[in-house]
Amino acid sequence: MSLTSTAAAHPNIAFIKYWGNRDDRLRLPLNSSISMNLAGLETRTTVRFEPGLERDLLTINGEPASGDALVRTVTFLDHLRRMAGTPLHARVVSATNFPAGAGIASSAAAFAALALAGSRALGLQLSERQLTVLARRGSGSAARSIPGGFVEWHAADRDEDSFAESIAPPEHWDLIDCIALIRTEHKKIGSTAGHALAGTSPLQAARIDDAPRRLELCRTALLRRDFSAFAEVVELDSNLMHAVMMTSSPPLYYWAPESLAVMKAVADWRRENIEACFTLDAGPNVHVLSTAQYAGEVKARLETMPGVQAVLSSSPGGPARLV
Ligand code: DP6
């Protein structure tokens, strides 16, 4: 056994969001979610377990990592060591091909790649479903970066039941995510802290109660490639999550003034019959989803908007893979 393995995974954008856990340590979400992997953007990670190494070492984009990133990685590797029954420490070398701090959630791709590379390095033969459960322990949204294309992650009470699976392959629908980059600095309150605050909002219970209905609307719209139904539920779901964020204690305001300007412009474009809708994660950048037919026009319009620094675009991506 070589004790080393390399894997690559894409980040993903959620259409129906994950915000709040029933168990923060196990990352068991309160509601199921749906997302699309982002082709072209990826994290590539090599894990090497080494006899004689006294602690885990992490390098991200060529720099030795410490602090929160290292603590999360060590916690994850501890879990893997328990699964494989080994005391060995590891060297983890990870690199992303999208700008660090571009405001694209990097933990999803990072923990999906780490779960695949780390489990293979230790000789564990996990099914795709088991890999999603493993990746989830590192970052909830990482469960959705293991399967390919359009993915649903199921909420459940037990660790082994909260897994993700593909609901349609990448070729199913030619959606493009045009990411309008508005601020690229690191957010002050990350997702993990945000999930823990979700329950302090009086709106969270209503968001969770209605989640199965939105999930069903989104899944059906996706499977039928019905853009107008899709746009309606995706924007509603993003706004609901941000309403919860803004009414938590302390309140979390992730939008910038320029984010709102883009959101309003996208709604206007839809009235011109351009297929476009918005969604925002825990940050000010706006993900504008459109179909391939309209993506060029959408990207060009976004690039002329004040406050938009750059626009990345991505089509539906495949599963996490060994390299
Ligand atoms: C707003 O998966 O990043 O992007 O489990 O603490 O790592 P942790 O949180 P994370 O949360 C993602 C939150 C979101 C919505 C989503 O992707 O569903």
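As shown above, the structure is provided for reference.
Now for a description of the structure that goes with this document. (Residues numbered from 1 in each chain as written. Predicted model: local features only at pLDDT ≥ 70, side-chain atom pairs only at ≥ 80, totals over all residues. Heavy atoms only, no water.)

**Brief notes about the site of the ligand**
Neighbouring residues of the ligand: 17 residues in total, closest R27, S139, G140, S141 and T192. Within the contact set of the ligand, an oxygen atom lies 2.7 Å away from a side-chain nitrogen or oxygen of R72. Residue G140 places a main-chain N or O atom 2.7 Å away from an oxygen atom belonging to the ligand. For the ligand, whose unbound accessible area comes to 460 Å², protein coverage reaches 97%. At three residues, helix α4 (residues 191–197) tops the list of elements feeding residues into the shell around the ligand. Of the residues contributing to the shell around the ligand, the split by class is five nonpolar, seven polar and five charged. (Near = heavy atom within 4 Å. Polar contact = N/O pair within 3.5 Å; in protein donor to acceptor, adjacent residues only side chain to side chain. Areas by Shrake-Rupley, 256 points an atom, 1.4 Å probe, with all protein chains shown as cover. Helix = DSSP H or I, 4+ residues; strand = E, 2+ residues; numbered from the N terminus. Nonpolar A, V, L, I, M, F, W, Y, C, P; charged D, E, K, R; others polar.)

**As for unusual backbone geometry**
In this chain, S249 is followed by P250 through a cis amide linkage whose omega measures -5 degrees. Relative to the helices and strands, P250 is located in the loop between α7 (227–246) and α8 (257–271). Its identity as a non-glycine residue notwithstanding, R225 has a phi of 55 degrees, on the positive side. Tracing the backbone shows R225 in the loop between α6 (211–224) and α7. You can call R225 partly exposed: its relative accessible area is 45%. (Buried < 20%, exposed > 50% of the residue type's maximum accessible area, 1.4 Å probe, protein only.)

**A look at the sheet that holds strand β12 (residues 175–181)**
Here four strands make up an open sheet; going across it, the order is β13-β14-β12-β15 and the pairing antiparallel. In this open sheet, the two strands that pair with only one neighbour each are β13 (276–279) and β15 (310–314). Strand after strand, the sheet turns through a mean of 25 degrees between neighbouring axes, direction not considered. One ladder, built from four bridges, connects β13 with strand β14 (residues 286–291); its direction is antiparallel. (Pairing = 2+ DSSP bridges. Axes fitted to C-alpha atoms, helices over the stretch in contact; angles between N-to-C directions.)

**Concerning the pattern of salt bridges**
Applying the stated criterion across every chain yields a total of 24 salt bridges. One salt bridge in this structure joins D157 and R22, with 2.7 Å as the shortest N-O distance. Of the two residues, D157 is situated in the loop between β10 (150–153) and β11 (164–168) and R22 in strand β3 (residues 21–23); the sequence distance between them amounts to 135 residues. Among the salt bridges present, the one from D56 reaches R81, with a minimum N-O distance of 2.7 Å. Residue D56 is found in the loop between β6 (43–50) and β7 (57–60), and its partner R81 is found in helix α1 (residues 67–84); the two are separated by 25 residues along the sequence. Judged on exposure class, the residue D56 and its partner R81 are both buried. Among the ionic contacts, a cluster of salt bridges with common partners joins R129, R158, E160 and D161. (Salt bridge = Lys/Arg side-chain N within 4 Å of Asp/Glu carboxyl O.)

**A look at α1**
Relative to the 26 Å expected for 18 residues at 1.5 Å per residue, α1 spans 26 Å between its end C-alpha atoms, a close match to the ideal helical length. All of the buried residues along α1 are L70, T73, F76, L77, H79, L80 and R81. Contact partners of the buried residues in α1: β6, β7, β9 (89–96), α2 (107–121) and α3 (128–138). Once α1 ends, the next one or two residues include G85, with phi positive near 65 degrees. (Expected span 1.5 Å × (residues − 1). Contact = heavy atoms within 4.5 Å.)

**A short note on the sheet that holds β6**
As summarised here, the arrangement of the six strands in space is β8-β7-β9-β6-β1-β16, forming an open sheet in which the pairing is mixed. Every interior strand has two partners, whereas the edge strands, β8 (63–64) and β16 (321–322), have only one. Pairing analysis gives six bridges linking strand β1 (residues 4–9) to β6, with the strands arranged antiparallel. Residue A7 lies in a different strand from β6, and its bridge partner there is T45. Sitting on the sheet, α2 is in contact with β1, β6, β9 and β16, with an inclination near 35 degrees to β6.

**Describing α6**
Under the 1.5 Å per step criterion, the end-to-end length of α6 is 20 Å for 14 residues, consistent within 8% with the ideal 20 Å. Just downstream of α6, R225 is the residue with a positive phi angle, here 55 degrees.

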